[in-house]
Amino acid sequence: MSTTTTQSTEKHVQSLALHRENTGERMINQSLLVRRITVGLSLAVVGAIHILDLPGKFDETPYLAVAYIGIILVAAVLVERVLVVGSRIDFLAAATLSAAVIIGFIVNRTVGMPMATGDIGNWLEPLGLLSLAVEGFVIWQALVAVALHRSRR
């Protein structure tokens, strides 16, 4: 009788452990899905912000217009990658793009870019502040997604 009880208890413990494991995996997958959506949409906003600011750049500093086009294209590719594949590399690329844009903004507002010193000290431009906020959000969400990928292993 005690052998049957012990076997039954072991099966119950194994069943509970499997349930916890499945629940944890499900929660991580749901959280990753949320991160894929938020990073994808936020990257689309990053692209849209740079599209809005693009016309003025052609007149002021054409090389910055080309850089903006690069940001827009990379953001579009990453939107596709993050929403469809959502690998660690995709999230790291999203965080890297956003960090590069933030660094460019800081350089532009502190020492200026070649042939573009008009924005030095212009920290409160609304489109620039929106861009910083969205890019910071992308970095945060992308790094959380990278951590979730690691915890799935």
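What you see is a predicted model, and the numbers here were worked out from it, not measured in a lab.

Student: Explanation requested: helix α2 (residues 62-84) in the structure shown.
Tutor: Because each turn of an α-helix spans 3.6 residues, side chains separated by three or four positions end up pointing in the same direction. Taking 1.5 Å per residue as the helical rise, α2 with its 23 residues ought to reach 33 Å, and the 33 Å between its terminal C-alpha atoms agrees with that figure. Just downstream of α2, Gly86 is the residue with a positive phi angle, here 70 degrees.

Student: I would appreciate a short explanation of unusual backbone geometry in the present structure.
Tutor: Glycine aside, residues mostly have negative phi angles, and peptide bonds mostly take the trans form. With a phi close to 60 degrees, Met115 is a non-glycine residue in the positive phi region. Looking at the secondary structure, you find Met115 in the loop between α3 (88-110) and α4 (126-152). By relative accessible area, which is 71% here, Met115 ends up exposed.

Student: How should a nonpolar patch on the surface be read in this particular structure?
Tutor: Residues Leu33, Ile37, Leu41, Leu83, Val84 and Val85 make up a contiguous nonpolar surface patch of about 530 Å² in total accessible area. When residues of the nonpolar patch are traced back to their parent elements, those giving at least two are α1 (2-60) and α2. Here the element with the most residues in the nonpolar patch is α1; it accounts for three residues. Classification of Val85 by relative accessible area gives partly exposed; the value is 42%.

Student: How do you make sense of the packing of aromatic side chains when you look at a structure like this?
Tutor: We describe a pair of aromatic rings using the distance from one ring centre to the other and the angle between the two ring planes. Applying the stated criterion to the full structure yields two aromatic pairs. With 5.9 Å between their ring centres and 70 degrees between their planes, Phe105 and Trp123 make a pair best called edge-to-face. Placement of Phe105 in helix α3 and of Trp123 in the loop between α3 and α4 is noted, with a sequence separation of 18 residues between them. The buried category is assigned to Phe105, whose relative accessible area is 11%. With centroids separated by 5.5 Å and ring planes inclined at 80 degrees, the aromatic side chains of Phe137 and Trp140 adopt a geometry described as edge-to-face. Here Phe137 and its partner Trp140 are both found in helix α4, three residues apart, which amounts to about one turn of the helix. Classification of Phe137 by relative accessible area gives partly exposed; the value is 30%. What makes Trp140 exposed here is its relative accessible area of 51%.

The rules behind each value
- Residues numbered from 1 in each chain as written.
- Predicted model: local features only at pLDDT ≥ 70, side-chain atom pairs only at ≥ 80, totals over all residues.
- Heavy atoms only, no water.
- Helix = DSSP H or I, 4+ residues; strand = E, 2+ residues; numbered from the N terminus.
- Expected span 1.5 Å × (residues − 1).
- Buried < 20%, exposed > 50% of the residue type's maximum accessible area, 1.4 Å probe, protein only.
- Patch = residues over 30% accessible without salt bridge, like charges linked within 9 Å, V, L, I, M, F, W, Y side chains within 5 Å.
- Areas by Shrake-Rupley, 256 points an atom, 1.4 Å probe, with all protein chains shown as cover.
- Salt bridge = Lys/Arg side-chain N within 4 Å of Asp/Glu carboxyl O.
- Phe/Tyr/Trp six-rings, centres within 6.5 Å; stacked < 30°, edge-to-face > 60°.

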